[in-house]
Amino acid sequence: MKIAVTYENGQIFQHFGHTEMFKVYEVEDGQIKNTDLVSALGSGHGALAGFLTANGVDTLICGGIGGGAQMALAQAGIKLYGGVSGDADNAVNAFINGTLGYDPDVKCNHHDHGDSGHSCGSHSCGSGNCGNH
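Our subject in this report is the structure included herewith.

Thresholds, definitions, all that
Residues numbered from 1 in each chain as written. Predicted model: local features only at pLDDT ≥ 70, side-chain atom pairs only at ≥ 80, totals over all residues. Heavy atoms only, no water. Buried < 20%, exposed > 50% of the residue type's maximum accessible area, 1.4 Å probe, protein only. Helix = DSSP H or I, 4+ residues; strand = E, 2+ residues; numbered from the N terminus. Pairing = 2+ DSSP bridges. Contact = heavy atoms within 4.5 Å. Core = buried A, V, L, I, M, F, W, Y, C linked by side-chain atoms within 4.5 Å. Polar contact = N/O pair within 3.5 Å; in protein donor to acceptor, adjacent residues only side chain to side chain.

**Some thoughts on the pairing of strand β1 (residues 2-8)**
Right, on to step 1. Among the 7 residues that make up β1, 5 are buried, leaving the element largely enclosed by the rest of the structure.
Right, on to step 2. Relative to strand β3 (residues 21-28), β1 is paired through 5 bridges, and the arrangement is antiparallel. The residue of β3 that forms the bridge with Lys2 is Glu26.
Right, on to step 3. The sheet contact formed by β1 and strand β5 (residues 59-61) spans 3 bridges and is parallel. In the sheet register, Ile3 faces β5, and the bridge partner there is Thr59.
Right, on to step 4. Between β1 and strand β2 (residues 11-12), which pair antiparallel one after the other, the connecting turn spans 2 residues, and Asn9 there sits at a positive phi close to 50°.

**Concerning the environment of Lys79**
Right, on to step 1. Checked against the element boundaries, Lys79 lands in strand β6 (residues 79-81).
Right, on to step 2. In sequence terms Lys79 and Val57 are 22 residues apart; their C-alpha atoms lie 9.3 Å from each other.
Right, on to step 3. Residue contacts for Lys79: discarding those within four places in its chain leaves Asp58, Thr59 and Leu60.

**Brief notes about the nonpolar core**
The tendency in soluble globular proteins is for nonpolar side chains to be buried side by side.
Right, on to step 1. Ala4, Phe16, Phe22, Leu52, Leu60, Ile65 and Leu73 are the most contacted members of the largest nonpolar core, which totals 18 residues.
Right, on to step 2. Counting only elements with at least two residues in this core, the list comes to β3, α1 (44-54) and α2 (67-75).
Right, on to step 3. Residue contributions to this core peak at 4 residues, all from α1.
Right, on to step 4. Contact partners of Ala4, with chain neighbours within four places excluded, come to Phe22, Lys23, Val24, Leu52, Val57, Thr59, Leu60 and Ile61.
Right, on to step 5. The next biggest cluster of nonpolar side chains, apart from the first, holds 15 residues, and it includes Val5, Ile61, Tyr81 and Val84.

**A short note on the environment of Asn55**
Right, on to step 1. For Asn55, the position within the fold is in the loop between α1 and β5.
Right, on to step 2. A relative accessible area of 27% means that Asn55 is categorised as partly exposed.
Right, on to step 3. Separated by 51 residues in sequence, Asn55 and Ala4 have C-alpha atoms that sit 9.4 Å apart.
Right, on to step 4. Engagement of the side chain of Asn55 in a polar contact is seen with the backbone oxygen of Phe51, the distance being 2.8 Å.

Here it is, written out as structure tokens:
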């Protein structure tokens with residue numbers, strides 16, 4: 001199993017489509033066997049599912065993620081555990097132990113926009129806006 005986590009300074013990066021780095025964990029028999037930091041190479045929202053597939057990832061742990069990216073991950077067969085925050089290593093260990101708290105109904109989370117009634121602007125979160133926030 002390969003688990004990717006949106007990554008910044010040891011923490012889970014909170015906007016999937018803007019992540020610049022993933023920490024990828026290879027897990028065998030309930031143990032982390034290897035980790036690697038992988039640059040997303042500026043892939044952006046639409047290309048990240050393909051990027052993860054090309055890197056052999058089958059599970060993603062992230063913060064906020066939009067509907068379009070969720071659909072692309074589902075089509076690629078990548079299991080999504082969104083709405084997670086905090087330390088990346090701790091989150092993966094919690095996932096392995098079956099105790100990871102996540103939001104199965106996660107929506108895109110634009111913590112850096114500074115207001116709560118925005119549209120997504122120049123980038124896409126599925127239908128072009130973030131829905132009910």
